[in-house]
Amino acid sequence: MIEIAIDGTAASGKGTLGKKLSDKYSFPYLDTGLLYRKVAHELIKDNKINTTKLEQTSCDFAMILNFKELKNTNLRTEDVAKLASKIATFPNLRKILNNKQKEFNNSSKKKFGGCILDGRDIGTTILPNADFKFYITASLEIRAKRRLLEKNISFLHENDEKCMLQALMNNMRERDRLDSNRKISPLIPAKDAYVIDTTSINPEELLLKVADIIERKK
Ligand code: DC
């Protein structure tokens, strides 16, 4: 049974890598950021952001979170990302979501012989004994450019594009800061992780690199 843990910064290429590895090895893949995003999305939808009991309300949503709904909702907005990073500092919320991730891992391994998880604390906290750990990162500018491309916006003026890129860079810098400096399960490479910088490589090259590491050690 094989566990593959992928961690890294936003838009570093870790999600695309997770999906490609899942296709290659036929192991289920979970983007664990979607769990935090889904809870954030529910808080925004139900207008519960300003509640004094934000942690408790987040936990209530997390308890009833259904994995099937992760695909249906638009969880990729900047507002959702920002709030997801904020609530990800709540210890009780992390406990609930950690259990869900571990359950997914155990049932996937039983059924399919392996599992791939990506997030911020997979190699350090969720799967500390993973067979393979990867930490994926890239420069802030290239990550913001990737996010901008994903948004598929046609700009009328070059200045608007520059402004949007700058806003994305600011959001990402702030999110990196929150994710890396929180007390519980901060974003840091596990000691035994392969650290890969994707600033100047494309998703196919990343897959080749990672698959080569896996094949050599398998
Ligand atoms: O991977 P993402 O950008 O979709 O994640 C959104 C936020 O969720 C991220 O800023 C921090 C949080 N997160 C986390 O704390 N732990 C994880 N394993 C995954 C995501």
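Scope of this entry: the structure provided in the associated data block. Note that the coordinates shown come from a computational prediction; the quantities given were computed from them, not determined experimentally.

As for the packing of aromatic side chains
Turning to step 1, where the next piece is worked out: Within the structure shown, the criterion is met by three aromatic pairs.
Turning to step 2, where the next piece is worked out: Over the face of the ring belonging to Y25 we find K24, whose NZ or CZ atom lies 5.7 Å from the ring centre.

Things to note about the side chain of K100
Turning to step 1, where the next piece is worked out: Mapped onto the fold, K100 is located in helix α5 (residues 91–112).
Turning to step 2, where the next piece is worked out: With no salt bridge to any partner, buried K100 finds its closest opposite charge in E103, at an N-O distance of 5.8 Å.
Turning to step 3, where the next piece is worked out: If we ignore the near neighbours within four places in the chain, the residues touching K100 are A62, M63, L65 and F67.

Section: the nonpolar core
Buried together is how nonpolar side chains tend to be arranged in soluble globular proteins.
Turning to step 1, where the next piece is worked out: Among the nonpolar cores identified, the biggest contains 31 residues, and V39, L43, L70, I87, L93, L97 and L117 are the most heavily contacted of them.
Turning to step 2, where the next piece is worked out: Every element with two or more residues in this core is listed here: α2 (33–45), α3 (54–63), α4 (78–87), α5, β3 (114–119) and α6 (122–126).
Turning to step 3, where the next piece is worked out: Looking at which element gives the most residues to this core, the answer is α2, with six residues.

Remarks on the pairing of strand β1 (residues 2–8)
Turning to step 1, where the next piece is worked out: Extensive coverage of β1 is indicated by the burial of seven of its seven residues.
Turning to step 2, where the next piece is worked out: Of the two faces of β1, the one lined by I2, I4, I6 and G8 and the one lined by E3, A5 and D7 are each fully buried.
Turning to step 3, where the next piece is worked out: Pairing between β1 and β3: six bridges, direction parallel. Among the inter-strand pairings, I2 is bridged to a residue of β3, identified as G114.
Turning to step 4, where the next piece is worked out: Relative to strand β4 (residues 132–137), β1 runs parallel, the two being bridged by five bridges. Within β4, the residue paired with I4 across the bridge is F132.

A few points about helix α9 (residues 203–217)
Turning to step 1, where the next piece is worked out: Over its 15 residues, α9 extends 21 Å from the first C-alpha to the last, a length consistent with the 21 Å expected when each residue adds 1.5 Å.
Turning to step 2, where the next piece is worked out: For α9, the full list of buried residues reads L206, L207, V210, A211, I213 and I214. Angular distribution of buried residues about the axis of α9 spans 155°; they occupy a single face of the element. Pointing more than 90 degrees away from the buried face of α9 are the exposed residues L208 and R216.

Here's the deal with the site of the ligand
Turning to step 1, where the next piece is worked out: Lining the immediate environment of the ligand, one finds 15 residues, of which R37, R94, R120, D179 and R182 sit closest.
Turning to step 2, where the next piece is worked out: A distance of 2.8 Å separates an oxygen atom of the ligand from a polar side-chain atom of D179.
Turning to step 3, where the next piece is worked out: Among the secondary structure elements, those contributing two or more residues to the shell around the ligand are α2, α4 and α8 (158–181).
Turning to step 4, where the next piece is worked out: Counting residues per element, the shell around the ligand draws most heavily on α2, which supplies three residues.
Turning to step 5, where the next piece is worked out: Split by residue class, the shell around the ligand holds three nonpolar, four polar and eight charged.

Quick notes on the rules
Residues numbered from 1 in each chain as written. Predicted model: local features only at pLDDT ≥ 70, side-chain atom pairs only at ≥ 80, totals over all residues. Heavy atoms only, no water. Phe/Tyr/Trp six-rings, centres within 6.5 Å; stacked < 30°, edge-to-face > 60°. Lys NZ or Arg CZ within 6 Å of the ring centre and 35° of its normal. Helix = DSSP H or I, 4+ residues; strand = E, 2+ residues; numbered from the N terminus. Buried < 20%, exposed > 50% of the residue type's maximum accessible area, 1.4 Å probe, protein only. Lys, Arg positive; Asp, Glu negative; His and termini not counted. Salt bridge = Lys/Arg side-chain N within 4 Å of Asp/Glu carboxyl O. Contact = heavy atoms within 4.5 Å. Core = buried A, V, L, I, M, F, W, Y, C linked by side-chain atoms within 4.5 Å. Pairing = 2+ DSSP bridges. Expected span 1.5 Å × (residues − 1). Arc of directions from axis to C-beta. Near = heavy atom within 4 Å. Polar contact = N/O pair within 3.5 Å; in protein donor to acceptor, adjacent residues only side chain to side chain. Nonpolar A, V, L, I, M, F, W, Y, C, P; charged D, E, K, R; others polar.

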